[in-house]
Amino acid sequence: MEKKWWHRSTVYQIYPRSFNDHNGDGIGDIPGIIEKLDYLAFLGIDIIWLSPVYQSPNDDNGYDISDYYEIMSDFGTMDDMEKLIQEARKRDIHIMMDLVINHTSDEHPWFIESRKSKDNPYRDYYVWRDGSGGPPSGITSVFSGPAWEYDEETGEYYFHLFSRKQPDLNLHNKEVREHLYNMMNFWLDKGVSGFRMDVIDLIGKEIDHNVLTDGPKLHDYLQEMNREVLSNYPTVTVGETPSATPETAKLYTGEGRNELDMVFTFQHMSLDEVDGKGKWALKPLNLRDLKQTLGKWQTELHGQGWNSLYWNNHDQPRIVSRWGNDREYRVESAKMLATILHMMQGTPYVYQGEEIGMTNIVFDDIRDYRDIETINLYNEKISEGIPHKEVMKSIHVKGRDNARTPFQWDRSHHGGFTTGTPWLEVNANHKEINAEDALKDEDSIFHYYRKLIRLRKEHDIIVYGGYDPILVEHPEIFAYKRKLGNETLVVVANFYGNEPELSLPEQLDGTSCEIVINNCEGASGRPSGLKTLRPYEAIVYLIKH
Ligand code: NOJ
């Protein structure tokens, strides 16, 4: 594959509402981000994925856009945004905007027009269907309840896969696509470097045939977008594609396809869900499933496409609480999880706070939660007679506010996030877990992430090496090799708090061998010398043959 600069980059996701509040209104903002650019440059990241900052009534925290050309007043002004782009560039940091084009807000002028009458010129910008026989189909919204909303004005239903304030756009309408391309040009002309495309696998949906993801026109539209917009700038793009398989990932990202640069796979994120029952039906993770799933993506995409590597984002619980141990082994397990991911092929994404090992939040009162998905789920389950405690159990594990509590900058009141009242409570553990302390401690998770990010820049093998799993059947150890030329990288990680035994062949040691990174002191200098691993221990060897 042709080499690209972002192959060795690391992306940092900012959820602006929770990152840093500059003006003391309790809500993070763009000037707050500018203040922290030096922190990000020190961490070593190259790209910021900025969750939506467009004007929005905030039914879904900015994923419901009412004006694509304005900045949300909570976050600042267009001048602030321009300054952010400039200041980031001074530090060699690119900005990747969130692009939400599957739907708008119901307060977007297009929808306000669209709902006025059946013959309004904007009617066809959205998905309207006859209402005489009840909802046109049984499709349900991701945020609970039916995906069809009846609108009195014209006696028809409109389609919304997310909240009723997020009507789906009709991308089969060419005029809609043209408007969206103009808007993308507007932001690229302002100097952003690309887009993270929200639920982009939905844009070819064929509602009347119950086809949501991977509609027949999906790839045509992405190729058109590439032709009309992306190919005219040096962009970097990532598609949020919950439905992607390695096969379809090659369609999105394969060389010569001219669509996207990389995708987000969701397959590893659903391994702790009961099959087919959705995100709230919990089951324990089986490590073999995780190894098999991540390994499959590594081998199948090698040389044929490009993947993103992630454990966290604003929709997922915190990884150290999910698959690590956020109590006695918080530091070790956060580093172990980071090692497994960052030594793979793909572009790693770090979600704000992950680099200091921030943890999930537990509120007992539903009124402390802000996320629409969580609140709707709670109301639905309670109305079905499920006890409060049981519903809260799922929310504590999977609710999106786990990842959205404000960034913990220091030990002070509200973790240094705001001088006002935070829109969502700061986790009380900011006294122990915060960036200020992490920066001072050389052994912190922060400094470990810094090193992982730097290693990717220094070693081609991390970026381009092939992937071979080892100890495939081991129930507790995640291990693999990467290979390039006369080098092998061996990654060995204990996924749990036990001390499992292992034995690796001497051939693996090569002629010379060095440890490039590890999270527990005093590890054997050679893979074959490892007889056991300590809780959550992770070691990476670079071997020459
Ligand atoms: C995916 C986004 O990541 C999520 O936060 C949002 O609620 C939905 N798409 C709808 O835009």
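Quick look at the structure, then. (Residues numbered from 1 in each chain as written. Predicted model: local features only at pLDDT ≥ 70, side-chain atom pairs only at ≥ 80, totals over all residues. Heavy atoms only, no water.)

## Topic: the site of the ligand
Then, number 1: Lining the immediate environment of the ligand, one finds 13 residues, of which Asp60, His103, Asp198, His314 and Asp315 sit closest.
Then, number 2: Within the side chain of His314, a nitrogen or oxygen atom sits 2.8 Å from an oxygen atom of the ligand.
Then, number 3: The contact in question runs from an oxygen atom of the ligand to an N or O atom on the side chain of Arg400, over 3.0 Å.
Then, number 4: For the ligand, the protein covers 97% of the area, taking 300 Å² as the surface of the free molecule. (Near = heavy atom within 4 Å. Polar contact = N/O pair within 3.5 Å; in protein donor to acceptor, adjacent residues only side chain to side chain. Areas by Shrake-Rupley, 256 points an atom, 1.4 Å probe, with all protein chains shown as cover.)

## Describing the pairing of strand E15 (residues 477–484)
Then, number 1: Burial within E15 is extensive, with six of its eight residues counted as buried.
Then, number 2: Sheet analysis places strand E14 (residues 466–470) next to E15, joined by five bridges and oriented antiparallel. Bridge pairing in E15 places Asp468 opposite Lys481.
Then, number 3: Linkage of E14 to E15, two consecutive antiparallel strands, is achieved through a turn of six residues, within which Leu471 is found at a positive phi near 50°.
Then, number 4: Looking at chain direction, E15 and strand E16 (residues 487–494) are connected through eight bridges and run antiparallel. Looking at E16, one finds that Lys481 is bridged to Val490.
Then, number 5: In sequence, E15 turns back onto E16 through a hairpin of two residues, with Gly485 there showing a positive phi of about 55°. (Buried < 20%, exposed > 50% of the residue type's maximum accessible area, 1.4 Å probe, protein only. Helix = DSSP H or I, 4+ residues; strand = E, 2+ residues; numbered from the N terminus. Pairing = 2+ DSSP bridges.)

## Quick word on empty space enclosed by the protein
Then, number 1: All told, the structure shown has five cavities of 30 Å³ or more when counted by the stated rule.
Then, number 2: Volume-wise, the largest cavity comes out at about 80 Å³.
Then, number 3: Along its surface, the largest cavity is lined by Thr265, His268, Thr293, Leu294, Trp297, Gln298, Asn307, Ser308, Leu309, Tyr310 and Leu341.
Then, number 4: When contributions to the lining of the largest cavity are tallied by element, the ones reaching two or more residues are helix H8 (287–301) and strand E12 (308–309).
Then, number 5: The greatest single-element share of the lining of the largest cavity, amounting to four residues, is contributed by H8. (1 Å grid on protein atoms, 1.4 Å probe; cavity = no way out; pocket = protein on both sides within 12 Å on 5 of 7 lines; lining within 4 Å. Points joined across faces, edges and corners; volume = space filled by probe spheres on them.)

## Some words on the pattern of salt bridges
Side-chain pairs of opposite charge can arise where the charged atoms are in close proximity.
Then, number 1: Applying the stated criterion to the full structure yields 43 salt bridges.
Then, number 2: Linking Arg288 and Glu473 is a salt bridge whose minimum nitrogen-to-oxygen distance equals 3.3 Å. Of this pair, Arg288 sits in helix H8 while Glu473 is found in the loop between E14 and E15, placing the two residues 185 residues apart along the sequence.
Then, number 3: The salt bridge partner of Glu537 is Arg534, with a shortest N-O separation of 2.9 Å.
Then, number 4: A relative accessible area of 2% means that Glu537 is categorised as buried.
Then, number 5: One connected set of salt bridges, linked through shared partners, spans Asp60, Lys279, Asp315, Asp371, Glu373, Arg400 and Arg404. (Salt bridge = Lys/Arg side-chain N within 4 Å of Asp/Glu carboxyl O.)

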